[in-house]
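Listed below are the residues making up each chain.
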Amino acid sequence: MNLFPRLTAGLRRKKPTATDLLQPGDPALPQHVAIIMDGNGRWAQSKGLPRTAGHQAGLKRVSQITEECAHLGIKYLTLYAFSTENWQRPAEEVNFLMDLFYQTLKNETDLLCTKGVKIKFIGLPNRLDPKLLALMEECAAKTKDNDRITLNLAINYGGRLEIIKAVRELLQEAAERTLRPEEVTPELFAGYLFTAGQPDPDLIIRTSGEQRISNFLLWQSAYAELFFTKTLWPDFDRLEFHQVLLEYKRRSRRFGGLEEGGGT
Ligand code: FPP
């Protein structure tokens, strides 16, 4: 007979892990998470597989982390899927990635739609195959009214070219109407970026041990908390994501002021 059922029940209870500690809707969670999904190639090579197998494995994490963000109430997730510099890779790898984007969008959009995901593409249309571009447009249009989470997929994205695009559009507008220099504010400028209308990322994660921003969200990352992990993207699981979010919650964000939420 167990004389101390409550005590022993307490002893048997397992130690809470990071996944038990975060509650959906916690106001201290970031509103916008952005991820540089790095290390797919090394993951595959370490297993004696072709680099493309790493991208395939990385895609599984894309859906898992997207689901997790939606579950936790994180409203924006931006994923760096293909940079303007990635065209320098061997044609075989570039073609594989383009095909992976195409097939994924074709097969998964309806499911993402039922889960309340709004898909937005950030990046430049040039160099992308017209068939892929048409599918991207279709996918964005189909999901545009969803409001559970916005998934920004950065395809053919580069931060410098995004800023140049914004400057060109501003100059064009200035040529068409009177736009006084003092009217150009950070808020006005942000309206010309791909992420117009969205909050800046609160947290940027880069996997695989590299510690640089690699032309990702250069303007928007001004006050983002940066988090680097040695884990390769295909191994970045829900538990580690929760650990990063717990670390984010512990950081004090001062925005250049003296206390949280202070001025610039
Ligand atoms: C970087 O790892 C990863 C990429 C350039 C591609 C990331 C793309 C995916 C995970 C697929 C996403 C798909 C959709 C539909 C959004 P790397 O190849 O540079 O790795 P390495 O540094 O180890 O070589």
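This text goes with the structure placed above it.
Fair warning: this is a prediction, and the values are worked out from it, not measured in the lab.

**Student:** Help me out: how do you make sense of the overall build of the chain in this one?
**Tutor:** Scanning the chain for helices and strands turns up 9 helices and 6 strands. By its C-alpha atoms, the chain is 85 × 50 × 35 Å across when sized along the principal axes. Counting only residues that meet the buried cut, the chain has 29% of its 264 residues in that class. Long-range pairs, those at least 24 residues apart, make up 76% of the contacts in the chain between residues at least 6 apart in sequence.

**Student:** How should I be thinking about the packing of helix α4 (residues 51-72) against helix α5 (residues 91-114) in this particular structure?
**Tutor:** The geometry of a pair of packed helices is captured by two quantities: the angle between their axes and the separation between those axes. One way to put it is that α4 packs onto α5 with a least axis distance of 10 Å and a crossing angle of 25°. On the basis of the axis angle, α4 is roughly parallel to α5. For the pair α4 and α5, the sense of crossing is right-handed. Counting all contacts with α4, which are made through Arg51, Thr52, His55 and Leu59, the residues of α5 involved are Glu93, Phe96, Leu97, Leu100 and Thr104. Looking at the contact of α4 with α5 residue by residue, the class counts come to 4 nonpolar, 3 polar and 2 charged.

**Student:** Please clarify how the site of the ligand should be interpreted in this entry.
**Tutor:** Taken together, 19 residues lie around the ligand, and Asn40, Gly41, Arg42, Gly58 and Thr104 are the ones closest in. When contributions to the shell around the ligand are tallied by element, the ones reaching two or more residues are α3 (40-46), α4, β2 (76-83) and α5. Each residue belonging to the shell around the ligand can be placed in one class, and the counts come to 9 nonpolar, 8 polar and 2 charged.

**Student:** Would you explain the sheet that holds strand β5 (residues 203-206) in this entry?
**Tutor:** The strands that make up a sheet are held in pairs by hydrogen bonds between backbone atoms, and each pair lies either parallel or antiparallel. The parallel open sheet is built from 6 strands, whose spatial order is β3-β4-β2-β1-β5-β6. Both outer strands of the open sheet, β3 (117-122) and β6 (225-228), are each paired with one neighbouring strand and no more. Taken over all neighbouring pairs, the strand axes of this sheet differ in orientation by 20° on average, direction set aside. Sheet topology note: the strand β1 (residues 32-36)/β5 ladder contains 4 bridges and is parallel.

**Student:** When you look at helix α6 (residues 130-143) in this model, what are you seeing that I'm missing?
**Tutor:** For an α-helix, the turn length of 3.6 residues means that residues three or four places apart are oriented alike. Along its 14 residues, α6 runs 20 Å from first to last C-alpha, staying within 8% of the 20 Å computed at 1.5 Å per residue. Three or more residues of α6 are buried, namely Met136, Cys139 and Thr143. The buried side chains of α6 occupy one side of the element, clustering within an arc of 65° when seen end-on. With respect to the buried face of α6, the exposed residues turned more than 90 degrees away are Pro130, Lys131, Ala134, Glu137 and Ala141. Against α5 and β3 lie the buried residues of α6.

**Student:** Could you clarify how one ought to interpret the environment of Leu246 in this entry?
**Tutor:** Looking at the element boundaries, Leu246 is found in helix α9 (residues 238-250). A sequence separation of 224 residues divides Leu246 from Leu22, and the C-alpha atoms of the two residues are 7.6 Å apart.

**Student:** When you look at unusual backbone geometry in this model, what are you seeing that I'm missing?
**Tutor:** It is generally the case that most residues other than glycine have a negative phi and that most peptide bonds are trans. Notably, Arg127 is not glycine yet its phi reads approximately 75°, a positive angle. Mapped onto the elements, Arg127 comes out in the loop between β3 and α6. Positive phi values are uncommon outside glycine, yet Asn156 reaches one of about 55°. Mapped onto the fold, Asn156 is located in strand β4 (residues 149-157). Classification of Asn156 as buried rests on a count of 22 C-beta atoms within 10 Å.

**Student:** I tried to follow the pairing of β5 on my own but got confused; where do I start?
**Tutor:** A regular strand places its side chains so that they alternate between the two faces of the sheet. In β5, alternate side chains face the same way, and those of Leu203 and Ile205 on one face and Ile204 and Arg206 on the other are all buried. Bridge count for β5 against β6 is 4 bridges, and the pairing is parallel. The residue bridging Ile204 from the neighbouring strand is Leu226, located in β6.

**Student:** Please clarify how the environment of Pro186 should be interpreted in this entry.
**Tutor:** Relative to the helices and strands, Pro186 resides in helix α8 (residues 186-190). Residue classification places Pro186 among the exposed positions, given that 10 C-beta atoms sit within 10 Å. In sequence terms Pro186 and Trp219 are 33 residues apart; their C-alpha atoms lie 9.6 Å from each other.

**Student:** What is the right way to read the packing of α5 against α6 from this model?
**Tutor:** One way to put it is that α5 packs onto α6 with a least axis distance of 10 Å and a crossing angle of 20°. The angle between α5 and α6 places the two elements in the roughly parallel class. Helix-helix and strand crossings are classified by hand; for α5 and α6 the assignment is left-handed. Judged by residue contacts, Met98, Phe101, Tyr102, Leu105, Lys106, Thr109, Leu112 and Cys113 of α5 engage Leu132, Leu135, Met136, Cys139, Lys142 and Thr143 from α6. Residues that form the contact of α5 with α6 fall into these classes: 10 nonpolar, 2 polar and 2 charged.

Analysis parameters
Residues numbered from 1 in each chain as written. Predicted model: local features only at pLDDT ≥ 70, side-chain atom pairs only at ≥ 80, totals over all residues. Helix = DSSP H or I, 4+ residues; strand = E, 2+ residues; numbered from the N terminus. Buried ≥ 20, exposed ≤ 12 C-beta atoms within 10 Å, placed from the backbone. Contact = placed C-beta atoms within 7 Å. Axes fitted to C-alpha atoms, helices over the stretch in contact; angles between N-to-C directions. Parallel < 35°, antiparallel > 145°, perpendicular 65-115°, else oblique. Left-handed = near helix turned anticlockwise from the far one by under 90°. Nonpolar A, V, L, I, M, F, W, Y, C, P; charged D, E, K, R; others polar. Near = placed C-beta within 6 Å. Pairing = 2+ DSSP bridges. Expected span 1.5 Å × (residues − 1). Arc of directions from axis to C-beta.

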